[in-house]
Amino acid sequence: MAQQDTCCTHKHPEGYVPLHHKEVDPAHDHFMISGDPLSLDQACALVRSDEAGAISTFEGMTRGTFNGKQVLRLEYEAYDEMARKVWYEIVAEARNKYHLLGTVMHHRIGEVAVGQTSVIIAVASAHRADAINAVHFLIDSLKARLPIWKKELLNDGTGNWKKNEDANI
Amino acid sequence: MVEFKILYFATARDAALDKSSETLEVDDGRPATLASAVECITAKYPKMRAVLESAMVALNEDYCDKDNMSNIKLKSSDTVAIIPPVSGG
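The rules we used
- By convention here, each chain's residues receive numbers from 1 onward along its written sequence.
- Chain letters start at A and ligand numbers start at 1, both assigned in the order the entries are written.
- With the structure being a predicted model, the display of local features is reserved for residues of pLDDT at least 70 and the display and counting of side-chain atom pairs for 80 or more, all residues being used for whole-chain, interface and lining totals.
- For the side-chain quantities, the full set of heavy atoms in the structure was used; hydrogens and water were omitted.
- Helical segments are the DSSP runs of H or I of at least four residues, strand segments are the runs of E of at least two, and each set is numbered from the N terminus.
- We take the radius of gyration over the C-alpha atoms and set the globule estimate at 2.2 Å times the residue count to the 0.38 power.
- Exposure classes here rest on a 1.4 Å probe applied to the protein chains alone. A residue is buried below 20% of its type maximum, exposed above 50%, and partly exposed in between.
- Should any heavy atoms of two residues lie within 4.5 Å, those residues are considered in contact.
- Note on areas: these come from Shrake-Rupley sampling with a 1.4 Å probe, and a residue is covered only by the protein chains present in the view.
- Charge counting treats Lys and Arg as positive and Asp and Glu as negative, with His and both chain ends excluded.
- By convention, the point assigned to a charge is CZ for Arg, NZ for Lys, CD for Glu and CG for Asp.
- What pLDDT expresses is the predictor's confidence in each residue, scored from 0 to 100.
- Two aromatic rings from Phe, Tyr or Trp, using only the six-membered ring of Trp, form a pair when their centres are within 6.5 Å; if the ring planes differ by under 30 degrees the pair is stacked, by over 60 it is edge-to-face, and anything between is tilted.
- In this scheme, the term charge over a ring applies when either NZ of a lysine or CZ of an arginine sits within 6 Å of the ring centre and within 35 degrees of the ring normal.
- One side-chain nitrogen of Lys or Arg within 4 Å of one carboxyl oxygen of Asp or Glu is enough to make a salt bridge.
- Two strands pair under a simple rule: DSSP has to find at least two bridges between them.
- Only the stretch in contact is used when fitting a helix axis, every axis being a line fitted to C-alpha atoms; angles between N-to-C directions are given from 0 to 180 degrees.

1. Some points on the overall build of chain B
Inference 1: Scanning chain B from terminus to terminus reveals 3 helices and 5 strands.
Inference 2: Its C-alpha radius of gyration of 12 Å places chain B within 12% of the 12 Å reference for a compact globule of 89 residues.
Inference 3: The proportion of buried residues among the 89 residues of chain B is 52%.
Inference 4: For chain B, the share of sequence-separated contacts (at least 6 apart) that also reach a separation of at least 24 residues comes to 54%.
Inference 5: As presented, chain B carries roughly 4400 Å² of accessible surface, and 49% of it is formed by carbon and sulfur atoms.
Inference 6: Each charge sign in chain B was given a centre, from 10 positive and 14 negative side chains, and these centres are 3 Å apart.

2. Considerations on the confidence of the model for chain B
Inference 1: Model confidence for chain B is summarised by a mean pLDDT of 95, while 100% of its residues fall at 70 or above.
Inference 2: ipTM for the predicted complex: 0.93, alongside a pTM of 0.91.

3. Considering the packing of aromatic side chains
Inference 1: Applying the stated criterion across every chain, the model contains 6 aromatic pairs over all chains.
Inference 2: Seen from their ring centres, F31(A) and W87(A) are 5.1 Å apart, and the 20° between their planes marks the pair as stacked. Linking F31(A) in strand β1 (residues 29-34) with W87(A) in helix α2 (residues 80-97), this pair joins segments that are 56 residues apart in sequence.
Inference 3: For W87(A), a relative accessible area of 6% corresponds to the buried category.
Inference 4: Note on Y8(B) and Y45(B): the rings are 5.8 Å apart at their centroids and 85° apart in plane angle, and the pair reads as edge-to-face. Highlighted residues: Y8(B) in strand β1 (residues 2-8) and Y45(B) in the loop between α2 (34-44) and α3 (48-54), separated in sequence by 37 residues. Here Y8(B) matches Y45(B) in class, with each residue buried.
Inference 5: Chaining the aromatic ring pairs together yields one cluster made of F31(A), W87(A) and Y88(A).
Inference 6: Lying across the ring of F66(A), K162(A) places its NZ or CZ 3.3 Å from the centre.

4. Considerations on the pattern of salt bridges
Inference 1: Taken as a whole and judged by the stated rule, the model has 12 salt bridges over all chains.
Inference 2: Across the pair R30(B) and E39(B) runs a salt bridge, and its minimum N-O distance is 3.9 Å.
Inference 3: Judged by relative accessible area, which is 53%, R30(B) ranks as exposed.
Inference 4: Each of R73(A), E75(A) and E111(A) takes part in one network of salt bridges that share partners.

5. Focus: unusual backbone geometry
Residues and elements named next belong to chain B.
Inference 1: Of note, the phi angle at D18 is positive, near 70°, even though the residue is not glycine.
Inference 2: Relative to the elements of secondary structure, D18 occurs in the loop between α1 (11-15) and β2 (21-26).
Inference 3: Of note, the phi angle at S77 is positive, near 80°, even though the residue is not glycine.

6. Considerations on the sheet that holds strand β2 (residues 54-61) of chain A
All names here are of chain A.
Inference 1: The mixed open sheet is built from 4 strands, whose spatial order is β1-β5-β7-β2. Only two strands of the sheet have a single neighbouring strand rather than two, namely β1 and β2. Across the sheet, the mean angle separating the axes of adjacent strands is 5° when strand polarity is ignored.
Inference 2: In this structure, β1 lies alongside strand β5 (residues 102-108), joined through 6 bridges in parallel fashion. Bridge pairing links F31 to M105 in β5.
Inference 3: Helix-sheet contacts for helix α1 (residues 40-47) involve β1, β2, β5 and β7 (117-125), and the interaxial angle to β5 is about 155°.
Inference 4: Together, β2, β5 and β7 form the strand contacts of helix α3 (residues 128-145), whose direction differs from that of β7 by roughly 145°.

See below:
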C-alpha cells in the first residue's frame with residue numbers, strides 16, 4: 001500500500017508486512033472529551049499491545065504568553081455529539097493512510113490553566129513511521145475540523161475566542 | 001410550523017446573548033428550510049449576521065453547504081448548530 005508521509009521521511013523497513021486494523025473500532029480507537037485533567041500515561045496504556053513496536057504521542061498545553069501578553073488560562077467548549085462524528089471520520093481517514101494498531105484522541109474542555117494539557121494524541125503501530133506520521137495527521141485534522149473552541153483569557157482582563165489557522169491537509 | 005433546536009457555540013453564543021441553545025419555530029407559510037431557520041435566528045439576534053460571515057452551519061451534526069441552505073428541508077426535531085471557526089487543540 002502506498003504511504004503518503006506528511007511530516008517526515010521515515011521509511012518502512014525492508015520486507016515490511018503491514019500489521020494493522022483497517023476499520024475504526026472502539027476496541028482500538030479511543031476518543032474522549034473531558035472536563036478532568038488528561039494523562040499521557042493513561043492514553044499510552046490504551047494503545048499498548050504486544051503487536052506494537054512504536055507509540056508516538058503529541059501533547060498540547062496552554063502557553064503562558066500570546067504576542068507578549070500574559071495568558072491566565074484557556075476556556076474550551078465542544079459540540080460533543082458532532083465532535084465524535086468528525087473524530088470518527090478523521091480516524092477512518094488516518095487508518096486509510098497509515099498502518100495503525102491503536103489511536104487515542106483526548107481533549108479537555110472547561111478551564112485549562114497555563115502549563116496544563118488540553119489535548120493528547122497517541123498512536124501505536126508496528127513500525128515508527130506510521131505512528132509518527134499519523135500523530136501529525138491527527139492533530140492537524142483535529143485543529144482544522146473538530147468542533148471545539150477556546151477562549152484565551154489574558155491578564156489585562158480581556159478574552160478572545162481563538163481561530164485556528166487552516167491546517168491545509 | 002416546524003420547531004427546531006438551535007445550538008450556539010463560542011462567538012455565536014455571545015451573539016445569542018449568552019444562550020447556548022433554544023427551540024425556535026419557523027412558520028412563514030412556506031416549506032421550512034435551513035435558510036428560513038437561519039433567517040429566523042438572524043432576525044432574533046442581529047449580531048449573528050456578522051458571526052455567520054465566517055461560521056459554518058451544521059444540521060444534525062453534519063456540516064452543510066451554506067450556498068445551498070434554501071434547498072435543505074427542515075423538519076421538526078432537527079438540530080441546527082452555528083459553528084464559528086474552530087480552535088481546538
